[in-house]
Structures are given as structure tokens and as C-alpha cells.
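Remarks on the overall topology
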Amino acid sequence: MGLRQFLIDAWSWLNYKSVMVDAGRPGSQAFPELAKTWVPPHELRRLAAYKVLAAYDNNQAGQLSAAAGDDAALERRELGDAANLVDTALGYLLGSDQQIAVAGAEHADEESPEPGATEAAAVQERLRKWAEKELLTLRIQQAERTAVLLGDSVYVLAWSPEKQRPTLRVYDPGFFFPQWDDDQDEDFPSRVHLAWELPEDEDAGLKARVRRVTYELGPISEDGSVVRTYPWEPGRASKVTCYLTDAEWLLEDLKRGETLDRLPMDKASFRVRADGTELNRLDLMIDFVPVIHITNTIPDGGEHWGRSGLARVLQALDELAATDSDSSAASATTGTPIIGLAGARLPVDRATGRPEKLKVEAGAVWQLGESGRMDALDTSPQLAELRARVEHLLDRIAANSRITAAGLGTLDAAEVPSGYAFQLALAPLDALIGTMRLAREHKYRLLLKFVQRLYQAGRAEGWAAGESFSARLAWAPHTPTDRGAVLEEVVTAYGAGVISLETAVQMLLDAGYPIDDASQEVARIRAKAEEEAAVRLAEAAARRADPEGAMGTEDDPGSAEVGRMPEPVGGRGA
């Protein structure tokens, strides 16, 4: 069955799937939940695409095709290739570590630090403590795997009065419904819905409901006369604030046409905070929407959604699953071949009087007559061809996904003539990870800026008013680094005076050396150098105070050599 209309959009790479046939109501057969009246029609293709990708991740693509009418798909063998691609890409994206870095903090321990360096170092330390308490590394793992698989992921920040810090949560992008204003050229939506359905609970007496959490920017007062000065912009008055609404609707109360952005407020049941505050347009005292949308790729012009890491190889994964299924069937006939007998005396079942079925097993003996013959069907050539096709498909998937055979670990080391050739083999992977990290760079800067602003809005101790510091998430190298070569380069460059100590330590940190904080490491190196210099000065002063001891004695003529001053690092000319 083909498409009823030719459609090109962010999910047109899925048009070959039967569940995406109807551009208006995709997945209505396989995903009946998408037919709910509250789901906006223009969001259906995106939600159906997420469902399809989740099925591949859980080895359920065959079940998905069967639900769409292909009964033969239930016999498909799926061996985790899709999940392996996602996990491999995720591992390279994240690297071995992620660190929060604030611009200027690396200069805080210098003898004459730059203006603002000390404050930047203090903010960096606070942000890292926040990241540790909020399990930021775990949250990143959760969000980024979803982003690599589905193309999108969502973070939501909120100020917790009990914890006295911002909290960070990860949401499924299928719950995320931004409201874009077509009349304005906006980088970020001014209104965002997070919505999902709550099933019926007969034991608790609860009916099926839909919950909607809305963040919306709006004027502080209806007439726009009230202004507010936010601590991150002390010299500027603002008329805008962010409102939070958290409500539920019974599904039976919703009529056709009452979609997510048109739910009747008179039938809403608003949630209540622990302190008794009703969450109906609650003023959050901030001028931004604390929701960060992560995309796996840089969106095309006019688009807001990312693309899954499986997008370009999904059909190849289907071919691989089909070939694996054929290979399994062929291996069954190869290991236990089909045998034709002629002129054989078959044993007879005494109870029924019928010939018994013969089984091909070790130790079986069949009596054949003078003209008897046994022929076995040899399917091993077909099995070898199918296995060769599996290898071909794996190579094709590795190339088209840009993870490469070297990145997947399937490249034979004997095929790599040199380290330079191996680097060339990894070049597509390097480009892929560079693009993926670039797509996330600004969003993580935004997240860390929002964290600072929520601390300021919550009047937390130690967070003074002022502009937010520029903070970023620093990723570790995604491929192994030759530490010996980097160390030699650093020693040579620093010894020649062409790089500073801060740059040298940062190079070692990027190479994977176990350095927790570059600025603290620089301070320790300098403190040790000053201590050693003080010891040398003390020894020199002691020798000047005892010149006869410095000249040596007859009994120990080498003592003068032992007490001699060491040469300067750069030689006598230095």
C-alpha cells in the first residue's frame, strides 16, 4: 500500500512503513491511542515516528508490521542491531566524562587573575556541586539516549523550596508539545505543553484522564503596567513573567475538536502543591520557559525537530532482519538435512500398522534394498551466501550511519596498515560526533544559564544579583587518545615556552589524564614549584654561610660536587 499523497517532512524517511501510509492519521491501526481526540492532528506523524523507532529499539519491529496487517512479520528475527547502533552512537557522543566549565575560571589561580576569574571559579564550583546532587550525569544518559533514538529529548527545570536548588527532570519527547507563533520569528516557543494520558484505575475509582502541564510567557498584569526587575538583569525592567498551569481533564468530558491547546478550562481539575497553592497560572517569578528541547541533529531550515540516528539505515535494518530469518531457516536444513530414501524398509508402528516417521539423528541405521538409495539436500551453499549478505548489510549500515566499521568494532585489525589509515577510517565518525555535539552546544549552555537564574530567583545563599556566567558542558574525547604522544608534545611545547601552564594542563585533561579540575591542578603544580625553589634557595644560603664545607675535604673530595648548585632549566645561558 502506498502513500495517499506524496509528502516530504522531517519524518518522510518513514513513508515506506505501512503505519505511516495515511499522512492525516498515521498509525491508526497499530497505535489506536493516537486516535484520541485531544491529540493535535499536526503532531500525529511525529508521535507515530516515535512509536516506530521505539519498536525497533525493543526488537518489536516485526510485531509492529504484524499489527499493521503483515502476519508473516511475526517470524522475523531481530537480534538487537538497532539498539546496538543507538548505544554505540551514544557512547561516542558522551565520551568517558562530561564536565561543567565556566569561562574564565581557569585563570582564577594565577598570580594576577583576570577580572571576574575568581567569581567564575566560584560559580563553576557551585554548578558542579549542583550537578552532583541532581545526578546530572545520569540525567544526561537518560536524555541523550532518547535523543539519539528518537531524534528529540526534553529537560525541565524547576525550583525546589525544600531542597533549595533547581531540580532537573527528563521527559519523553512524545509528551512535548511546543506552541509556535507563525507570525513571529522566534528561536524558542513562548508557550509549551507537557501532556500525557492517565489510564483508568478501577481500584482507586479514577477514570481515564489527560494531564497537561503548561508553561507560558505573558504580561505580569493584564494592562501591562506592572514591571519587575529580575536579578540577572538588574538594570532592566521587564513586563513579562512565566506562568505554570497543571491540570487534568476526564476523557469522557472532551468533545471532538477540543484538542490539547483548546481544552475547556471550565472542566479542568487543577493540581495543588504541597503548600496548598493551586497550580492555575502560578507566577514563577522568572522571564523564561524552563524547558530545554534537545535535538540529535541540527534541524533543517523551518524545522524544529531532530532526526534519529537510525533514520538513514532503517530499511537496511529491515533487510538485515529478513536475511537473519532466512539464514536461520537455511541453517536448520543444513544441520538437519532433508533426506530422500528409496527402497528402504521402514519400521511399522505395531499399534496403528502404519510406517513410523524417520528421524535424522546420530546413530540412526536404515536398511536399504538392493536398489535402495539415499539423497540428502545440501543447503550449505545457500547458507554461506546468506551469511555473506549479512556481512555486506552490516558494512552498509556502518557506512551509511557514519559510525563506521572501525567505530562498531567489526573492522579487522589486519586490514589496517597503519595508525594514520585507522584515523582515516574513523573520519566519518569524527564528523558525526562533531555535528551531534554542535547541535547540543547551545542547549546545554542555556540549561546551565537557567540553573543560575533559578538559584538567583530562589534567593539562594551565595548567588548574588548580576548577569549569568557563560557555562558549557565539556565532553571528553570520543575516541582513544595516544597519551604518550600528547605528553611528549606538552612537555616540548611548555619547555619551549610556546604554551602556558594552563594550556598544558588542559591538553592533558582533554587527553584523558585523571585530572579533576584544571585550575586546581595548576595551583598544585605552582605550589610544588615554589616549594622546591624555596628549598634550593635555603640550600644555596647554607652553602654561602659555610664556604669551607662547599670546597670539600681531603677525606671526601666529592662533597663539593654534591653540594654544587644545579644548572638552570634552560642552561647557563638562561
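What you see is a predicted model, and the numbers here were worked out from it, not measured in a lab.

As a further point, take the packing of helix α3 (residues 81-94) against helix α10 (residues 427-457). For the pair α3 and α10, interaxial distance at closest approach is 10 Å and the crossing angle is 70°. For the element pair α3 / α10, the angle class is roughly perpendicular. The segment α3 lies against α10, with Ala89, Tyr92, Leu93 and Leu94 engaging Leu429, Ile433, Met436, Arg437 and Arg440. A class-by-class count of the residues in the contact of α3 with α10 yields seven nonpolar, no polar and two charged.

Here the focus is the layout of surface pockets. In this structure, the largest pocket encloses a volume near 1,200 Å³. The wall of the largest pocket is formed by 39 residues, among which Ala158, Trp159, Pro161, Arg273 and Leu284 lie closest to the centre. Of all elements in the fold, only β2 (152-160), β3 (165-171), β5 (191-198), β6 (209-219), β7 (228-229), β9 (240-250), β11 (282-283) and α10 reach the threshold of two or more residues within the lining of the largest pocket. When grouped by side-chain class, the residues that make up the lining of the largest pocket number 23 nonpolar, five polar and 11 charged. Of the voids in this model, the second largest pocket is the one considered here, and its volume is about 840 Å³. If you trace the second largest pocket, you find 33 residues lining it, with Asp187, Phe188, Pro189, Lys443 and Leu446 closest to the centre.

Right, let's talk about a nonpolar patch on the surface for a bit. Among the surface-exposed residues, Leu341, Leu346, Leu358, Leu368 and Met374 lie close enough to one another that they form a single nonpolar patch of about 380 Å² accessible area. Mapped onto the fold, leucine 346 is located in the loop between β13 (339-344) and β14 (368-376).

Another point: the packing of helix α4 (residues 117-133) against α10. It is the contact of α4 with α10, at a shortest axis distance of 11 Å, that shows an interaxial angle of 95°. Classified by the interaxial angle, the pair formed by α4 and α10 is roughly perpendicular. From α4, Val123, Leu127 and Trp130 reach across to α10, where they touch Leu447, Leu448, Val451, Gln452 and Tyr455. A per-class count over the contact of α4 with α10 returns seven nonpolar, one polar and no charged.

Here leucine 135, not a glycine, exhibits a phi torsion of approximately 55°, which is positive. Tracing the backbone through its elements, the reader meets leucine 135 in the loop between α4 and α5 (136-150). One non-glycine residue, arginine 281, adopts positive backbone phi at about 55°. Along the chain, arginine 281 falls in the loop between β10 (269-270) and β11. You can call arginine 281 partly exposed: its relative accessible area is 41%.

Moving on, we get to the confidence of the model for the protein. Taken over all residues, the pLDDT of the protein has a mean of 84, while the share at 70 or more is 90%. Confidence drops under a pLDDT of 50 for residues 550-574, and excluding neighbours within four residues, the segment shows 13 contacts in the predicted structure.

Glancing now at the packing of aromatic side chains. This structure, assessed with the given rule, holds 11 aromatic pairs. Between tryptophan 38 and phenylalanine 177, the ring centres sit 6.5 Å apart and the planes meet at 75°, which makes this aromatic pair edge-to-face. In this pair, tryptophan 38 sits in the segment before α1 (44-57) while phenylalanine 177 sits in strand β4 (residues 176-179), placing the two residues 139 residues apart along the sequence. Taking the relative accessible area as the measure of exposure, tryptophan 38 reaches 6% and is therefore buried. Where tyrosine 455 meets tryptophan 463, the ring centres are 4.5 Å apart and the plane angle is 0°; that geometry is what we call stacked. A relative accessible area of 8% means that tyrosine 455 is categorised as buried. Under the relative-accessibility criterion, tryptophan 463 is labelled buried at 12%.

What follows is about the pattern of salt bridges. Tallied over the entire structure, the rule returns 23 salt bridges. Of the charged contacts in the structure, one is a salt bridge between arginine 271 and glutamate 248, with a shortest N-O distance of 2.5 Å. Residue arginine 271 is found in the loop between β10 and β11, and its partner glutamate 248 is found in strand β9; the two are separated by 23 residues along the sequence. Of the charged contacts in the structure, one is a salt bridge between arginine 524 and glutamate 521, with a shortest N-O distance of 2.6 Å. With arginine 524 and glutamate 521 both in helix α13 (residues 518-545), this residue pair falls three residues apart, about one helical turn. A relative accessible area of 21% places glutamate 521 in the partly exposed class. Connected via shared salt-bridge partners are Lys17, Arg76 and Asp318.

Parameters at a glance
Residues numbered from 1 in each chain as written. Predicted model: local features only at pLDDT ≥ 70, side-chain atom pairs only at ≥ 80, totals over all residues. Heavy atoms only, no water. Axes fitted to C-alpha atoms, helices over the stretch in contact; angles between N-to-C directions. Helix = DSSP H or I, 4+ residues; strand = E, 2+ residues; numbered from the N terminus. Parallel < 35°, antiparallel > 145°, perpendicular 65-115°, else oblique. Contact = heavy atoms within 4.5 Å. Nonpolar A, V, L, I, M, F, W, Y, C, P; charged D, E, K, R; others polar. 1 Å grid on protein atoms, 1.4 Å probe; cavity = no way out; pocket = protein on both sides within 12 Å on 5 of 7 lines; lining within 4 Å. Points joined across faces, edges and corners; volume = space filled by probe spheres on them. Patch = residues over 30% accessible without salt bridge, like charges linked within 9 Å, V, L, I, M, F, W, Y side chains within 5 Å. Areas by Shrake-Rupley, 256 points an atom, 1.4 Å probe, with all protein chains shown as cover. Salt bridge = Lys/Arg side-chain N within 4 Å of Asp/Glu carboxyl O. Buried < 20%, exposed > 50% of the residue type's maximum accessible area, 1.4 Å probe, protein only. pLDDT = per-residue confidence, 0-100. Phe/Tyr/Trp six-rings, centres within 6.5 Å; stacked < 30°, edge-to-face > 60°.

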